[in-house]
Structure formats: C-alpha cells, structure tokens
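Structural features, examined
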Amino acid sequence: MALTKPKRDTLDLFFLCFSLGLLFSFAKGNNRLSAYQVLQSYNLPVGLLPNGVFGYTLDRYSGRFSVNVTSNCNLHVAGYEIVYSSPITGVISQNNLGNIDGVKVKIAFIWLNILNVNRNQDQLVFNIGGFVDKSFPISDFYSSPNCR
Ligand SMILES: *[C@@H]1O[C@H](CO)[C@@H](O)[C@H](O)[C@H]1NC(C)=O
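Read on for an overview of the structure. (Residues numbered from 1 in each chain as written. Predicted model: local features only at pLDDT ≥ 70, side-chain atom pairs only at ≥ 80, totals over all residues. Heavy atoms only, no water.)

This part takes up the site of the ligand. Around the ligand, the neighbouring residues are Tyr56, Thr57, Ser66 and Asn68. In this structure, an oxygen atom belonging to the ligand sits 2.3 Å away from a side-chain N or O atom of Asn68. Residue composition of the shell around the ligand, by class: one nonpolar, three polar and no charged. (Near = heavy atom within 4 Å. Polar contact = N/O pair within 3.5 Å; in protein donor to acceptor, adjacent residues only side chain to side chain. Nonpolar A, V, L, I, M, F, W, Y, C, P; charged D, E, K, R; others polar.)

Structure representation (structure tokens):
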C-alpha cells in the first residue's frame, strides 16, 4: 500500500502535465490564426480590418477582441472616410462585432464612432453613433483596405 500510493501520484502528475500540454497546444493553435482569420471564423469579412494589423487578443469565452494597427490609419471605404486608432476593441460573436471602440467615420463633416457591425446575410449593417444604421453589400469588404 505504502508503495503504490507514490506511484499513483506520479501517474496523476503525469496526466496533469499531459492535459496541460494539450491545453497549451490548443491555445497556441488559436493564436496561429491571424486577426483576419478570427473575423472569418465568426463569419465576418476580412475587410473590417485594414491591412497591417499586427497581433491581437481574443477571449473565446467573452468574445473580447483587441487589435492594434501600425499607426493611426485613415482610409476610404465605400466612399466614406474612416479612421482606425489603436487599440481597436470590441466583442465578437457569430455575425457580429459589438461594443466597438477605436473606429470613426466622417459623415457630413462630423466624426462619429462605429459602434456595431452586424452581418445580415449579404449585407453588413453598421451602427454609427448609436443612432444611424447604414447597410453595405458584404462584397465591399472582401479585401482589407490599405491605410494611407
Ligand atoms: C496594443 O498596444 C497597446 C499599447 O501599446 C498594448 O498595451 C497592447 O498590448 C497592444 N495590443 C495588442 C493586441 O498587440
């Protein structure tokens, strides 16, 4: 009896290490996705992020998503002037990016925050400033725009 107990503990420890190893490689597997692939894994198009996004954090449970762009990034999408400022944060779920912070669009000379993007089949619906919804065809976002 006295001899078998330490063996059991060793075995338990072995399995604990083995499980932690699996968890670790699983987490590493998630990290190997690019920020753009993360968008796609939630059925959102890559064009929601500009080119040059480096690194990101994602909590798969809460959906909290955070990315940085190289520097302040101005660009034009679908005829609108947009500015991305690091860090860009939001909560991602299937077909939706909500609670967005760090993305502004210029409408009639006023800069307004883009707060939510929702995919409705082939349309993307942007909530701007909490009071305007604007729809665009998803094909406008098939590729990532370049910052100027
Ligand atoms: C973004 O930049 C901030 C400030 O430099 C840094 O604290 C944060 O870790 C960066 N996030 C990512 C995802 O790289």
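Counting residues in hydrophobic clusters, the biggest one holds 34 residues, and the most contacted among them are Phe65 and Phe126. The contact partners of Phe126, leaving out residues within four places of it in the chain, are Leu48, Ile114, Asn116, Val117, Val132, Asp133, Lys134, Phe136 and Phe141. (Core = buried A, V, L, I, M, F, W, Y, C linked by side-chain atoms within 4.5 Å. Buried < 20%, exposed > 50% of the residue type's maximum accessible area, 1.4 Å probe, protein only. Contact = heavy atoms within 4.5 Å.)

One can find Tyr61 in the loop between strand E1 (54-58) and strand E2 (64-68). Its relative accessible area of 81% is what places Tyr61 among the exposed residues. (Helix = DSSP H or I, 4+ residues; strand = E, 2+ residues; numbered from the N terminus.)

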